[in-house]
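Coordinates in review
The lines below spell out each chain.
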Amino acid sequence: MLGARFRDRQAEERTRRRTQAAHARLLADSIEGDDSLAEVLHVQPSAVPEMIRSRSIFAFEDHDGTRHYPRWQLTETGTVPHLPEVRRSLDNTLHPLTVTHWFCTPDPDLTIDSKPQSPRSWLVAGAPPQVVVDLARDL
């Protein structure tokens, strides 16, 4: 019995470390703050809170209340095509790591030339967005 608890604690510790590392990677690959995002998107800083309210961009707050914007949702010309439709289909209570993993991980339901694509890659390639919107509802 004690050995099982010990192993459970070890597993919990490994999971905690992996989650912390994933969160650190997400922070490192995010834009910090509304002003910085506005600069990247070439919009007024006052437009950013409306983008969040309308769920046309994904943001999360760190423990200190600073908003972060993962770079995976950006392209050289703005945001990933059809991002607002997909964002509005996602449960707003999903953890940022869950959203990031889902957007960036190849899905066997999204194939181009027989190769699974991530929702992000699918949308950037110009494939039909409704497939991703439907998958987002099931997440």
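Regarding unusual backbone geometry
- Unlike most non-glycine residues, Arg55 shows phi in positive territory, near 60°.
- Position of Arg55 among the secondary structure elements: in the loop between helix H3 (47-53) and strand E2 (60-61).
- Even without glycine at this site, His82 takes up a positive phi of about 65°.
- Residue placement: His82 occurs in the loop between strand E5 (78-79) and helix H4 (83-89).
- Take His82: its relative accessible area is 34%, and that puts it in the partly exposed class.

Some words on the pairing of strand E6 (residues 107-112)
- Direction of pairing for E6 relative to strand E7 (residues 115-117): antiparallel, over a ladder of three bridges. In the strand pairing of E7, Ile112 is matched with Lys115.
- Counted between consecutive antiparallel strands, the loop separating E6 from E7 contains two residues, among which Asp113 sits at a positive phi close to 55°.

Quick look at the packing of aromatic side chains
- According to the stated counting rule, one finds four aromatic pairs in the structure shown.
- Their ring planes at 25° and their centres at 4.3 Å tell us that Trp72 and Phe103 sit as a pair that is stacked. With Trp72 in the loop between strand E3 (67-70) and strand E4 (74-75) and Phe103 in helix H5 (residues 96-104), the pair connects residues that are 31 residues apart, well separated along the chain. Like Trp72, the residue Phe103 is buried in the burial classification.
- Measuring from ring centre to ring centre gives 4.9 Å for Trp102 and Phe103, while their planes differ by 80°; the resulting arrangement is edge-to-face. One exposure class covers both Trp102 and Phe103, and it is buried.
- An aromatic cluster is built from Phe58, Phe60, Trp72, Trp102 and Phe103, whose rings are joined through pairwise contacts.

Side note on the pairing of E3
- In terms of strand pairing, strand E1 (residues 30-32) meets E3 through three bridges, oriented antiparallel. Residue Ser30 lies in a different strand from E3, and its bridge partner there is Pro70.

With respect to the sheet that holds E2
- Ordered by their spatial adjacency, three strands build an open sheet running E1-E3-E2, and the pairing between neighbours is antiparallel. Either end of the sheet is taken by a strand with one partner, and the two such strands are E1 and E2.
- Where E2 and E3 come together, two bridges link them in antiparallel fashion. Residue pairing across strands places Phe60 opposite His68, the latter belonging to E3.
- Where helix H2 (residues 34-41) meets the sheet, it contacts E1 and E3, and its direction lies at approximately 120° from that of E1.

Concerning the nonpolar core
- One finds Val86, Leu90, Val99, Trp102, Phe103, Leu123 and Val132 to be the most contacted residues of the largest nonpolar core, which totals 22 residues.
- At the level of elements, helix H1 (2-28), H4, H5, helix H6 (119-124) and helix H7 (129-137) are the ones that each hand at least two residues to this core.
- Those residues within four positions of Trp102 in sequence are excluded, and the remaining contacts are Val86, Leu90, Pro119, Val132, Leu135, Ala136 and Leu139.
- If you look at the next biggest cluster of nonpolar residues, it comprises nine residues, including Leu37, Met51, Ile57 and Leu74.

Thresholds applied
- Residues numbered from 1 in each chain as written.
- Predicted model: local features only at pLDDT ≥ 70, side-chain atom pairs only at ≥ 80, totals over all residues.
- Heavy atoms only, no water.
- Helix = DSSP H or I, 4+ residues; strand = E, 2+ residues; numbered from the N terminus.
- Buried < 20%, exposed > 50% of the residue type's maximum accessible area, 1.4 Å probe, protein only.
- Pairing = 2+ DSSP bridges.
- Phe/Tyr/Trp six-rings, centres within 6.5 Å; stacked < 30°, edge-to-face > 60°.
- Contact = heavy atoms within 4.5 Å.
- Axes fitted to C-alpha atoms, helices over the stretch in contact; angles between N-to-C directions.
- Core = buried A, V, L, I, M, F, W, Y, C linked by side-chain atoms within 4.5 Å.

That is the geometry; function is a separate question.
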